[in-house]
Amino acid sequence: MLEYEHKVILTPEEYRCISEHLAGGAPSSVQTNYYYDTDDMKMNGKKTTCRIREKNGIYTAVIKEHLPTVGLSKETVICTGESRDASAFEHMGLKSQGSLRTERTILYSDDYIKAMIDENIYLGCTDYELEVEYRPGCEEPAAVYMQHVYELCQSNLWDPSTVTFFERARSAKSKSERFFERKEYLIEKLNYKYIQVTGRPE
């Protein structure tokens, strides 16, 4: 299955502004991604994400390929069930690398696009994003919605970061990319502290 989307990483102020003006009291849902890779993160290096997503008590194992075209990815469902079964990934020589918890609020949905904001918590940090998913051939209404959100933030926030809104959209990284960047940072930080204490690499 191909997935088409526009994405932008939001500042906390933008997230609060969008929530206040567009969420309209919409209920939030929670999902958790459990990521699998080798310890040297070979799959992530190949732009491939192996994850099990838990939502409403259902666990879905997926291999997701991030394609060269920005905002385009391909998902292959491996299995679904009522418990987290990592055997499919373990057979590939992968093991659990941690999890990312998302609180998601749907802002808008019709036959062409679905817009949502996410609060993501993982590996000791929190970030925020806007995602606008769209059907093939419906990129224009998705872009129009992104423009609408940009203008909302620009008119309600005295924050120069809104100027870079579309620059951030063009370079936005996926949840898994951000997760593994954070993981690598923590590993490097831990190794640095180990060298400081022992005087030798781990």
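What comes next concerns the included structure. (Residues numbered from 1 in each chain as written. Predicted model: local features only at pLDDT ≥ 70, side-chain atom pairs only at ≥ 80, totals over all residues. Heavy atoms only, no water.)

## Quick notes on the sheet that holds strand 4 (residues 58-66)
- Sheet architecture is closed into a barrel: eight strands sit in the order 1-5-4-3-2-6-7-8, paired in antiparallel fashion. In this sheet, adjacent strand axes meet at a mean angle of 35° when their direction is disregarded.
- Judged from the six bridges that link them, strand 1 (residues 2-10) and strand 8 (residues 125-134) form a sheet pairing that is antiparallel. Bridged to L10 within strand 8 is Y128.
- Relative to strand 8, helix 4 (residues 139-156) is tilted by about 140°, and along the sheet it contacts strand 1, strand 6 (95-109), strand 7 (113-122) and strand 8. (Pairing = 2+ DSSP bridges. Helix = DSSP H or I, 4+ residues; strand = E, 2+ residues; numbered from the N terminus. Axes fitted to C-alpha atoms, helices over the stretch in contact; angles between N-to-C directions. Contact = heavy atoms within 4.5 Å.)

## A closer look at the nonpolar core
- Ranked by internal contacts, the top residues of the largest apolar core, which has 26 residues, are L10, I18, L107 and L130.
- For this core, the secondary-structure elements that each account for two or more residues are strand 1, helix 1 (12-23), strand 7, strand 8, helix 4 and helix 5 (165-170).
- For this core, the element with the most residues is helix 4, which contributes seven residues.
- Apart from residues lying up to four places away in sequence, I18 is in contact with L10, A23, L107, I117, V149, L152 and C153.
- Counting 10 residues, the second-largest nonpolar core is a separate cluster that includes Y36, Y59, A61 and A86. (Core = buried A, V, L, I, M, F, W, Y, C linked by side-chain atoms within 4.5 Å. Buried < 20%, exposed > 50% of the residue type's maximum accessible area, 1.4 Å probe, protein only.)

## Some points on helix 1
- Residues of helix 1 that are buried: E14, Y15, C17, I18, L22 and A23.
- The first or second residue beyond helix 1 is G24, which carries a positive phi of 60°.

## A few points about the side chain of E131
- Within the fold, E131 resides in strand 8.
- Its relative accessible area of 4% is what places E131 among the buried residues.
- Among the polar contacts listed, one links the side chain of E131 to the side chain of K7, at a separation of 2.6 Å.
- In this structure E131 touches E5, H6, K7, R104, K114, A115, M116, D118 and K175, once residues within four positions along its chain are discounted. (Polar contact = N/O pair within 3.5 Å; in protein donor to acceptor, adjacent residues only side chain to side chain.)

## Describing the packing of helix 1 against helix 4
- Running from N to C, helix 1 and helix 4 cross one another at 105°; their axes reach a closest spacing of 10 Å. Between helix 1 and helix 4, the angle is such that the two are roughly perpendicular. Across the interface between the two elements, E14, C17, I18, H21 and L22 of helix 1 pack against Y145, H148, V149, L152, C153 and N156 of helix 4.
- Tallied by class, the residues present in the contact of helix 1 with helix 4 amount to seven nonpolar, three polar and one charged. (Parallel < 35°, antiparallel > 145°, perpendicular 65-115°, else oblique. Nonpolar A, V, L, I, M, F, W, Y, C, P; charged D, E, K, R; others polar.)

That's the geometry; what it means functionally is another story.
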